[in-house]
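Structure assessment
Read off the chains here:
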Amino acid sequence: NAGVTQTPKFRVLKTGQSMTLLCAQDMNHEYMYWYRQDPGMGLRLIHYSVGEGTTAKGEVPDGYNVSRLKKQNFLLGLESAAPSQTSVYFCASSYGAGLAESTDTQYFGPGTRLTVL
Amino acid sequence: RKEVEQDPGPFNVPEGATVAFNCTYSNSASQSFFWYRQDCRKEPKLLMSVYSSGNEDGRFTAQLNRASQYISLLIRDSKLSDSATYLCVVISSGGSYIPTFGRGTSLIVHP
């Protein structure tokens, strides 16, 4: 049981390049999330998904797109990277909205450190 | 006003000290509350849930005050290994039940 995995762990891009971050979970969770974390800003929600085939915007969605074609995978895409997207990206998953610890606890991946030059 | 607010600290305490953090939330419809711990350059991990009646796990005690809309985390007998950032998380009803994170409180425990 690997939990939540993210690939790649590190990446350096040039302005204007594109890339896709992959998040995978093996816990059969319905909910998946993408966050970015910048110094002094805390975790900010980019996009999330409440089930296979669904996606929704979070707090800071501009410049990112997502897809959830399979329940276990949640992809985050940067179509044209900008230096402002230099950050640490965390993926998380949870069972759902049962409003209890057992269902609402989020499990995080180890993060992807992205630098855009 | 941000939905979930925390004092960023850092709280700098000696080993063995007792330290407490508060976290205020603005949505009165909030229903689930959690404390997560995040070590430097690592992912956040669940520390404990916060129940209406309060809950305790070893040296850690979490409490909820719905009237004043805040949750607290008390750490007794601080250890060096408690040094980390503590994130407050709130989930509100009436929507898609998406967690809202505070910016975190930094704790440094020194010898």
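This write-up is about the structure you can find in this document. Keep in mind that what you see is a predicted model, and the values were worked out from it rather than measured. (Residues numbered from 1 in each chain as written. Chains lettered and ligands numbered in written order. Predicted model: local features only at pLDDT ≥ 70, side-chain atom pairs only at ≥ 80, totals over all residues. Heavy atoms only, no water.)

1. A few points about the side chain of S93 of chain A
All names here are of chain A. The test is simple: Here a helix means four or more residues in a row that DSSP labels H or I, a strand means two or more in a row labelled E, and each is numbered from the N terminus. Two N or O atoms count as a polar contact when they lie within 3.5 Å, although within protein this holds only if one can serve as hydrogen donor and the other as acceptor, and sequence-adjacent residues are included solely when both atoms are side-chain atoms. Pairs of residues are marked as contacts when any of their non-hydrogen atoms sit within 4.5 Å.
For S93, the location among the structural elements is in strand β9 (residues 87-94). Polar side-chain contacts of S93 include one of 2.7 Å to the side chain of H29. With near-sequence residues (within four places) excluded, S93 lies in contact with V4, Q25, M27, H29, Y31, M32, Y33, T105, Q106 and Y107.

2. A word on the interface of chain B and chain A
Inclusion rule: Here the quantity called buried area is the total loss of accessible area, with a 1.4 Å probe, experienced by two parts when brought into contact, counted for both. Salt bridges, as used here, are contacts in which a Lys or Arg side-chain nitrogen is within 4 Å of a carboxyl oxygen on Asp or Glu. Charged means Asp, Glu, Lys or Arg here, nonpolar means Ala, Val, Leu, Ile, Met, Phe, Trp, Tyr, Cys or Pro, and polar covers whatever is left, Gly included.
Listed per partner, the contact involves 20 residues of chain B and 22 residues of chain A. Buried area between chain B and chain A, summed over both chains or domains, comes out near 1900 Å², and the portion from carbon and sulfur atoms is 59%. Of all residues in chain B, the largest losses of buried area upon contact with chain A belong to I98, F101 and R103 of chain B, amounting jointly to 25% of the total for that side. Counting the contacts that link chain B with chain A gives zero salt bridges. Taken together, the links from chain B to chain A amount to three residue pairs in polar contact (both at pLDDT 80 or more). Elements with a contribution of two residues or more to the side of chain B that touches chain A: β4 (30-38), β5 (45-49), β9 (84-92) and β10 (99-101) of chain B. It is β4 of chain B that provides the largest number of residues to the side of chain B that touches chain A, a total of five residues. For the side of chain B that touches chain A, the residue count by class is 11 nonpolar, five polar and four charged.

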